[in-house]
Amino acid sequence: MAEAERIIGTPGTPDDGGERTAAPGASDTSGADQQSTAGRRPGRGRRIAVLFAVAAFAYTLDLVSKMIVVAKLEHHAPIEVVGDWLEFHAIRNPGAAFGFGGAFTIIFTVIAAAVIVVIFRLARKLYSFPWAVALGLLLGGALGNLTDRIFRSPGIFEGQVVDFIAPKGFAVFNLADSAIVCGGILIVLLSFRGLDPDGTVHKD
């Protein structure tokens, strides 16, 4: 009988090739520990810090540049920067980036606010450094132009954006527009590479 039990294996007793069975009443915490360890992905705090640092830099640069333009350039002749190929020419833009859609100021204000909300929601699962930079540029640019919409004339949510960068043969824009475009281009490139905001890479 002892020989038969040795060959067949006593239930609940692990052998060399068998599976360990927990004793009745015992709690198996190894699976929970593994899941907890897997769920604690390092680096999200640093990525969020990068996002807000980039956003703060882009927003501050845009805000300061507009203050200087309003104080020194508005109602004055354009300043040539690179001959007639690039000028600083202060204008007030009621439309979207690069002067498009002047009749839809309130709509663009709502869109900018929605973009900011979406970025804050994406930040909760952000583990990618490139995505942090891209979203930071978008956030800083959107906040820059939204500040104009809220605080500049003719009124709240209808304010006109200050534009001043005027390349020859192109629309006049500002640094917030540039940040938005750069962030959008970076997001497109990351999407083509299959990199998601949470740091995972997928192949189509």
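Residues numbered from 1 in each chain as written. Predicted model: local features only at pLDDT ≥ 70, side-chain atom pairs only at ≥ 80, totals over all residues. Heavy atoms only, no water.

Novice: Any chance you could break down the overall build of the protein chain for me, citing the residues and the numbers?
Specialist: Looking only at helices and strands, one finds six helices and three strands in the protein chain. Element order for the protein chain, N to C, with α for helix and β for strand: α-α-α-β-β-α-α-β-α. Looking at the 204 residues of the protein chain, the share that counts as buried comes to 30%. For the protein chain, the exposed area adds up to about 12800 Å²; of that, 66% sits on carbon and sulfur atoms. (Helix = DSSP H or I, 4+ residues; strand = E, 2+ residues; numbered from the N terminus. Buried < 20%, exposed > 50% of the residue type's maximum accessible area, 1.4 Å probe, protein only. Areas by Shrake-Rupley, 256 points an atom, 1.4 Å probe, with all protein chains shown as cover.)

Novice: Please give an account of the nonpolar core that cites residues and values.
Specialist: Grouped together as the largest cluster of nonpolar side chains are 18 residues, with contacts concentrated most on L51, I119, L126, W131, L135, L139 and I187. Within the residue set of this core, elements represented by two or more residues are helix 3 (44–72), helix 4 (105–122), helix 5 (129–151) and helix 6 (175–193). Here this core takes eight residues from helix 5, the largest share from any one element. Residues within four places of W131 in sequence aside, it is in contact with L126, I187, L190, S191, L195, D196 and P197. (Core = buried A, V, L, I, M, F, W, Y, C linked by side-chain atoms within 4.5 Å. Contact = heavy atoms within 4.5 Å.)

Novice: For the sheet that holds strand 3 (residues 161–167), give the residues involved together with the corresponding values.
Specialist: Ordered by their spatial adjacency, three strands build an open sheet running 1-2-3, and the pairing between neighbours is antiparallel. Unpaired on one side and paired on the other, strand 1 (79–82) and strand 3 mark the two borders of the sheet. Taken over all neighbouring pairs, the strand axes of this sheet differ in orientation by 40 degrees on average, direction set aside. In the sheet, strand 2 (residues 86–93) pairs with strand 3 via six bridges, with the strands oriented antiparallel. Bridged to L86 within strand 3 is P167. (Pairing = 2+ DSSP bridges. Axes fitted to C-alpha atoms, helices over the stretch in contact; angles between N-to-C directions.)

Novice: Explain the pattern of salt bridges residue by residue, including any values.
Specialist: Tallied over the entire structure, the rule returns five salt bridges. Shared partners join several salt bridges into a network, and the residues in it are D62, K66, D148 and R152. (Salt bridge = Lys/Arg side-chain N within 4 Å of Asp/Glu carboxyl O.)

Novice: Describe a nonpolar patch on the surface, naming the residues involved and giving the relevant values.
Specialist: On the surface, I79, V81, V82, W85 and F88 cluster together into a nonpolar patch covering about 480 Å² of accessible area. For the nonpolar patch, the leading source of residues is strand 1, giving three residues. Of note, I79 is situated in strand 1. (Patch = residues over 30% accessible without salt bridge, like charges linked within 9 Å, V, L, I, M, F, W, Y side chains within 5 Å.)

Novice: Tell me about the packing of helix 5 against helix 6, and please be specific about residues and values.
Specialist: Helices that pack against each other are described as a pair by the angle of their axes relative to one another and the distance between those axes. In contact at an axis separation of 8 Å, helix 5 and helix 6 are set at 150 degrees when each is read in the N-to-C sense. The orientation of helix 5 relative to helix 6 falls into the category roughly antiparallel. In the crossing of helix 5 with helix 6, the sense of the turn from one axis to the other is left-handed. Contact residues: helix 5 offers P130, W131, V133, A134, L135, L137, L138, G141, A142, G144 and N145, while helix 6 offers A176, D177, A179, I180, C182, G183, G184, L186, I187, L190 and S191. Tallied by class, the residues present in the contact of helix 5 with helix 6 amount to 15 nonpolar, six polar and one charged. (Parallel < 35°, antiparallel > 145°, perpendicular 65-115°, else oblique. Left-handed = near helix turned anticlockwise from the far one by under 90°. Nonpolar A, V, L, I, M, F, W, Y, C, P; charged D, E, K, R; others polar.)

The analysis is restricted to geometry; functional conclusions fall outside its scope.
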